[in-house]
Amino acid sequence: MMDNGGFCNGNYPSGSSDDELVDISDVTMNFSEDVPPLDLDNRAGKDTGTTEDDINHCKADWRPYSSPKLIDLLDDNVPAIGTYEDFNTIDWVREKSKDRDRHREITNKSKHSTAALLFSISDAFSGWLLMLLIGLMSGALAGGIDIAAHWMTDLKEGVCLNGFWFNHEHCCWRSNESTFHERDKCPQWKSWAELMVGVSEQGGVHVLNHFMYVSWALLFAFLAVILVRAFAPYACGSGIPEIKTILSGFIIRGYLGKWTLIIKTVTLVLAVSSGLSLGKEGPLVHVACCCANILCHFFTKYRRNEAKRREVLSAASAVGVSVAFGAPIGGVLFSLEEVSYYFPLKTLWRSFFAALVAAFILRSINPFGNSRLVLFHVEFHTPWHLLELIPFVLLGIFGGLWGAFFIHANIAWCRLRKNTRLGHYPVIEVLVVTLLTALLAFPIEYTRMSSSELISELFNDCGLLDSSKLCDYTGNSGSTSGSVNATAANGLGARLAGPGLYTAVWQLALALVFKMLITVATFGMKVPSGLFIPSIAVGAIAGRLLGVGMEQLAVHNHERDIFRGWCSPGADCITPGLYAMVGAAACLGGVTRMTVSLVVIMFELTGGLEYIVPLMAATMTSKWVADALSRESIYEAHIRLNGYPFLGAKEEFRHKTIATDVMRPQRSDPPLSVLTQSRMTVEEVERLIADTTYSGFPVVISQQSQRLVGFVLRRDLVICLENARRYQEGVVSVSAVLFTECDPPASPSAPPAVKLRSILDLSPFTVTVHTPMEIVVDIFRKLGLRQCLVIQNGRLLGIITKKDILKHMAQMANRDPESILFN
């Protein structure tokens with residue numbers, strides 16, 4: 001007995017597809033367990049006890065002069081057949097049983113004909129072909145997004161005279177007049193002030209450039225939020241919380257449709273280019289899953305089976321991370337560790353193949369012009385020292401504290417947006433946050449540049465050819481070299497901080513505070529917004545600051561025993577860029593609670609095996625600290641905020657309750673609505689359907705005995721009764737409804753009965769009243785159930801649905817149980 005108002009009185013929607021647009025903020029829904037489509041020939045692969053002669057009145061002797069089975073009537077052209085309702089949960093057991101039956105049938109047929117054998121081979125190969133297409137499509141889109149975002153980001157500051165389509169870096173690459181120390185300045189690149197007033201050094205020029213920077217940022221942000229609001233409301237946000245929920249079996253129609261893909265791709269470029277504190281990595285997972293969902297429609301076995309489709313979406317999640325970071329192995333592990341609900345070994349292989357193809361395509365496009373998959377690929381060569389684990393662990397502590405603070409602050413802000421009038425003005429909110437970001441970011445070099453460029457700058461290991469302020473040491477060329485002391489005489493003067501480095505340090509300190517605060521307000525707005533890059537940027541800034549401090553401490557105290565082995569003449573004592581990388585991993589781990597996949601992603605970014613231990617130490621410390629303050633990652637917190645029916649594997653159930661404490665009905669509730677196997681009429685069944693909103697009904701022998709026979713779904717029942725009235729001669733309101741295998745004795749003058757044994761599930765999942773709830777929760781998690789029946793000695797006592805379990809878990813955690821709704 002599951003709540004559902006979708007099929008009351010037999011009113012069906014005209015059919016829906018994944019391309020429908022539903023504004024998530026405007027949906028009011030009575031959460032319900034869903035009803036799967038009919039499969040009357042083989043009820044979910046379970047033993048229904050049905051024989052060829054027992055299809056009875058679900059045959060079309062409802063149709064004169066013909067006798068096809070009911071399944072012939074319920075083909076794909078009949079509305080609501082073969083699909084799940086929106087905002088409902090799929091039946092994992094049924095879907096997997098359908099796939100096994102389909103595969104068994106194909107295998108049997110392949111033994112008897114060549115054509116069937118070829119079809120069997122093509123069916124087996126179709127999964128790999130689909131992975132190839134997903135990799136190709138996602139890699140191409142990611143390359144286009146990277147190129148467009150880089151160009152539009154530079155467009156806020158100026159334009160290239162040789163061709164407006166060149167970004168700043170590519171424009172000056174073609175110039176022979178740029179100098180080493182000012183390699184980003186060339187005659188071909190003009191700022192907006194130079195184009196308008198013809199000068200670049202006067203005092204008013206800076207104000208004009210600032211005005212143009214803010215104007216472009218507001219224009220990009222306005223276009224992004226308007227496109228999302230008008231065409232694809234589901235294109236906002238990161239997408240990973242919803243992807244996790246969908247992979248767990250929930251249906252959100254339109255979330256992975258073609259309009260969402262188009263709008264998310266376009267608005268992602270606009271949002272990143274606006275300079276907001278967000279990234280494209282999370283949304284790229286959503287984009288890849290949209291590609292996978294659309295391509296699934298060209299393959300029958302994925303189009304008609306929701307469980308198989310979710311295996312493809314798990315692989316697509318790996319593809320999204322692969323093209324976001326250029327880390328195919330990390331992408332596969334990310335899908336396995338963070339987003340996937342069901343991840344068989346076959347999906348692991350296919351995820352790896354799809355991620356490989358996507359990374360190859362992205363490398364072929366070469367969006368950053370450096371023959372790398374990512375903008376901030378670096379390699380370090382200085383070995384780390386054992387005592388450096390102490391500052392690495394400190395970075396892990398900072399990352400855990402930052403993660404817990406960010407999750408708490410962001411959820412509080414999003415809850416304020418949801419529960420106040422602020423949520424009614426998404427366009428104004430986006431424009432105000434963009435205005436504040438642009439006004440405050442422009443004066444500081446490290447906040448004005450894009451987040452990817454900032455991370456690349458922070459990860460960089462200073463060499464002799466670097467002209468960055470972060471590499472301004474007294475021994476470098478162009479620095480303010482004065483009298484050198486004994487430190488310089490030992491060859492270590494090259495690492496003494498110069499004035500440029502001191503300037504960079506206080507600017508980075510301001511940038512750290514700015515990034516930490518503005519990211520809280522940015523994540524969750526009605527534009528595509530990822531969290532990976534902002535979190536990495538915060539950690540990289542903190543890590544670089546600590547790295548510079550440790551470096552100067554070692555240089556000035558190189559004669560002390562603790563630092564004596566660290567510094568040697570002509571070599572670097574410490575690599576500040578390594579600290580930036582470790583800090584980035586710590587902060588991202590604190591927010592997302594990733595561990596293995598995060599370390600592999602960072603390893604793939606740097607290409608250095610010797611730095612895995614520092615990364616592991618910082619990542620685990622970050623997770624421990626963050627888990628001590630809050631058990632939820634940012635994605636799980638947003639899932640709970642939105643009320644998605646997600647039963648995750650990470651949340652442990654430690655309470656000593658039993659099934660009778662959770663089942664419905666409780667003592668104060670009305671009795672359970674049930675059907676009897678042979679003593680109800682068509683009118684009584686139709687009245688029960690009209691008076692209730694349950695998605696299914698237990699079938700018992702009689703109201704007195706309450707001995708369980710099986711379970712019938714509302715949709716199956718309604719369609720069979722409607723078809724019986726329409727096609728079967730003589731069926732009237734007083735006709736009996738039978739779920740029995742044999743006909744009971746009846747008067748010769750009685751109207752013909754409607755026999756529905758074929759739609760009865762004779763093996764529903766059951767537990768006893770004394771079954772511990774921790775076992776019930778595990779059953780629901782591992783089998784993907786939507787409901788199970790509670791019995792005692794074969795007698796039906798109640799029912800437990802997924803919603804009941806989620807409500808009970810919320811109640812045990814002192815949360816509002818009524819929050820388990822789709823808001």
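Within each chain, residue numbers correspond to sequence positions counted from 1 in written order. At least 70 in pLDDT is required for a residue's local features to be given in this predicted model, at least 80 for side-chain atom pairs to be given and counted, and no such filter applies to totals for whole chains, interfaces and linings, which use all residues. The side-chain quantities take in all heavy atoms of the structure and omit both hydrogens and water.

J.: Which residues make up the overall build of the chain, and what are the values?
T.: In this description a helix means any DSSP run of H or I spanning at least four residues, a strand means any run of E spanning at least two, and both kinds are numbered starting from the N terminus. Across its full length, the chain holds 30 helices and 11 strands. Relative accessibility thresholds used throughout: buried, under 20% of the residue-type maximum; exposed, over 50%; partly exposed, between the two (1.4 Å probe, protein chains only). Out of the 823 residues belonging to the chain, those deemed buried represent 58%. Residue contacts are defined here by distance: any two heavy atoms, one from each residue, within 4.5 Å place the two residues in contact. Counted over contacts in the chain with a minimum sequence separation of 6, partners at least 24 positions apart contribute 76%. To be clear on the numbers: accessible area is Shrake-Rupley with a 1.4 Å probe, and residue cover counts the displayed protein chains and nothing else. Counting every atom, the chain has about 33600 Å² of accessible surface; 60% of that belongs to carbon and sulfur.

J.: I'd like to hear about the side chain of S451, residue by residue, with values.
T.: Structurally, S451 can be placed in helix 17 (residues 451-459). If sequence neighbours within four positions are ignored, S451 has contacts with K515 and I533.

J.: Report on the state of the cysteines, specifying residues and quantitative values.
T.: Throughout, a disulfide means two cysteine sulfur atoms within 2.5 Å of one another. Inspection of every chain in the model, using the stated rule, returns 1 disulfide. The side chain of C160 participates in a disulfide bridge whose partner is C171; the two sulfur atoms lie 2.1 Å from each other. Handedness of the C160-C171 disulfide follows from its S-S torsion of about 75 degrees: it is right-handed. With C160 in strand 1 (residues 158-160) and C171 in helix 4 (residues 168-173), the pair connects residues that are 11 residues apart, well separated along the chain. You can call C160 buried: its relative accessible area is 4%.

J.: Please provide a residue-by-residue account of the sheet that holds strand 11 (residues 795-801), values included.
T.: Read across the open sheet, the 3 strands follow the order 9-10-11; overall the sheet is mixed. The open sheet is flanked by strand 9 (766-768) and strand 11, the only strands paired with a single partner. Adjacent strand axes in the sheet meet at a mean angle of 35 degrees when their direction is disregarded. Judged from the 3 bridges that link them, strand 9 and strand 10 (residues 787-792) form a sheet pairing that is parallel. Bridged to V767 within strand 10 is V790. Most of the contacts of helix 29 (residues 773-783) go to strand 11, to which it runs at about 65 degrees, and overall it touches strand 9, strand 10 and strand 11. For two strands to be treated as a pair, DSSP must find no fewer than two bridges joining them. Convention adopted: a line fitted to C-alpha atoms gives each axis, helices being fitted over their contacting stretch, and angles between N-to-C directions are expressed from 0 to 180 degrees.

J.: Could you give an account of the pairing of strand 10, with specific residues and numbers?
T.: With 5 of 6 residues buried, strand 10 lies mostly within the body of the structure. Classification remark: right-handed applies to a crossover when, strands pointing away from the viewer, the course from the first strand over the helix to the second runs clockwise. Since strand 9 and strand 10 lie parallel, the crossover through helix 29 that links them has a hand, and here it is right-handed. As paired strands, strand 10 and strand 11 are joined by 6 bridges and run antiparallel to one another. Pairing of V790 across the sheet is with G798, part of strand 11. If you look at the hairpin formed by strand 10 and strand 11, you'll find 2 residues sitting between the two strands, and N793 has a positive phi there, around 55 degrees.

J.: Account for unusual backbone geometry, with residues named and values stated.
T.: Residue R664 is joined to P665 through a cis peptide bond whose omega torsion reads 5 degrees. Mapped onto the fold, P665 is located in the loop between helix 26 (659-662) and strand 3 (675-676). Positive phi, normally seen in glycine, also occurs at Q706, with a value near 55 degrees. By the element assignment, Q706 lies in the loop between strand 5 (696-700) and strand 6 (708-713). Overall, the relative accessible area of 12% leaves Q706 in the buried class. The backbone of N793 shows a phi angle near 55 degrees, a positive value even though the residue is not glycine. Here N793 lies in the loop between strand 10 and strand 11.

J.: Lay out the packing of aromatic side chains with the relevant residues and their values.
T.: Each Phe, Tyr or Trp ring, with Trp reduced to its six-membered ring, pairs with another whose centre is within 6.5 Å; inter-plane angles below 30 degrees give stacked pairs, above 60 give edge-to-face pairs, and intermediate values give tilted ones. Tallied over the entire structure, the rule returns 19 aromatic pairs. The interplanar angle of 55 degrees and the centroid separation of 6.4 Å between the aromatic rings of F406 and F523 together place this pair among those described as tilted. With F406 in helix 14 (residues 389-419) and F523 in the loop between helix 19 (499-522) and helix 20 (532-556), this pair connects stretches of sequence that are 117 residues apart. Of the two residues, F406 and F523, both sit in the buried class. These aromatic residues form a ring-pair network of at least three members: W151, F164, W165 and F166. When the ring centre of F442 is taken as origin, the NZ or CZ atom of R448, which lies over that ring, is 5.1 Å away. We call a charge positioned above a ring when the Lys NZ or Arg CZ atom is no farther than 6 Å from the ring centre and deviates by at most 35 degrees from the ring normal.

J.: Go over the nonpolar core, please, and point to the residues and values.
T.: Buried residues of nine kinds, namely Ala, Val, Leu, Ile, Met, Phe, Trp, Tyr and Cys, make up a nonpolar core once their side-chain atoms join them within 4.5 Å. Counting 140 residues, the largest nonpolar core has L130, I134, F325, F459, V527 and M602 as its most contacted members. Broken down by element, this core gets its largest block of residues, 12 residues, from helix 20. The residues touching L130, leaving out its near neighbours within four places in the chain, are L295, C296, F299, Y302 and V312.

J.: Tell me what's going on with the sheet that holds strand 6, and back it up with residues and numbers.
T.: Pairing within the open sheet is mixed, and its 3 strands lie in the order 3-5-6. The open sheet terminates on both sides in strands that have one partner only, identified here as strand 3 and strand 6. The pairing of strand 5 with strand 6 spans 5 bridges and is classified as antiparallel. Looking at the pairing, V700 lines up with L708 of strand 6.

J.: Describe in detail the pattern of salt bridges, supporting the description with residues and values.
T.: Counted as salt bridges are all cases of a side-chain nitrogen of Lys or Arg within 4 Å of a carboxyl oxygen of Asp or Glu. Taken as a whole and assessed by the stated rule, the structure comprises 21 salt bridges. Residue R104 pairs with D101 through a salt bridge whose shortest N-O separation is 2.7 Å. Of the two residues, R104 and D101 both sit in helix 2 (residues 92-110), 3 residues apart, roughly one turn of that helix. Ionic pairing is found between R640 and E632, a salt bridge with its closest N-O pair at 2.8 Å. A residue is classified by how much of its surface remains accessible, and R640, at 30% relative accessible area, is partly exposed.

J.: Provide a residue-level description of the side chain of S191, including the pertinent values.
T.: In this structure, S191 sits in strand 2 (residues 189-191). Discounting residues that sit within four places of it in the chain, S191 has contacts with E157, G158 and N209.

J.: Explain helix 19 residue by residue, including any values.
T.: Residues spaced three or four apart along an α-helix face the same direction, because each turn holds 3.6 residues. Expected helix span is taken as 1.5 Å per residue step, with the number of steps being one fewer than the number of residues. Under the 1.5 Å per step criterion, the end-to-end length of helix 19 is 34 Å for 24 residues, consistent within 8% with the ideal 34 Å. One or two steps after helix 19, the chain reaches G524, where phi turns positive at roughly 110 degrees.

J.: Could you give an account of helix 30 (residues 802-812), with specific residues and numbers?
T.: When you tally the buried positions in helix 30, you get 9 out of 11 residues, the bulk of the element. Listed in full, the buried residues belonging to helix 30 are K802, K803, D804, I805, L806, K807, H808, M809 and A810. After helix 30 finishes, the residue N814 shows a positive phi value of roughly 60 degrees.

J.: Explain the confidence of the model for the chain to me, and be specific about the residues and the numbers.
T.: pLDDT measures the predictor's confidence residue by residue and takes values from 0 up to 100. Looking at the chain as a whole, the pLDDT averages 81, with 82% of positions reaching at least 70. Predicted confidence is poor over residues 3-82, with pLDDT under 50, and the contacts of this stretch with residues over four places away or in other chains come to 226 contacts. Note that residues 476-493 has pLDDT below 50 and, in this model, 26 contacts with residues that lie over four places away or in other chains.

J.: How would you summarise the packing of helix 14 against helix 22 (residues 576-592) if you had to cite specific residues and measurements?
T.: Following both chains from N to C, one finds helix 14 and helix 22 inclined at 35 degrees, their axes separated by 7 Å at the closest point. When you trace helix 14 past helix 22, the crossing you get is right-handed. Within the contact between the two elements, helix 14 uses P391, F392, L395, G396, F398, G399, G400, W402, G403, A404, F406 and I407 and helix 22 uses L578, Y579, V582, G583, A586, C587, G590 and V591. Partitioning the contact of helix 14 with helix 22 into residue classes produces 14 nonpolar, 6 polar and no charged. Helix crossings fall into two classes, left-handed where the near helix is turned counterclockwise from the far one by less than a right angle and right-handed where it is turned clockwise. The residue classification treats Ala, Val, Leu, Ile, Met, Phe, Trp, Tyr, Cys and Pro as nonpolar and Asp, Glu, Lys and Arg as charged. All others, Gly included, are polar.

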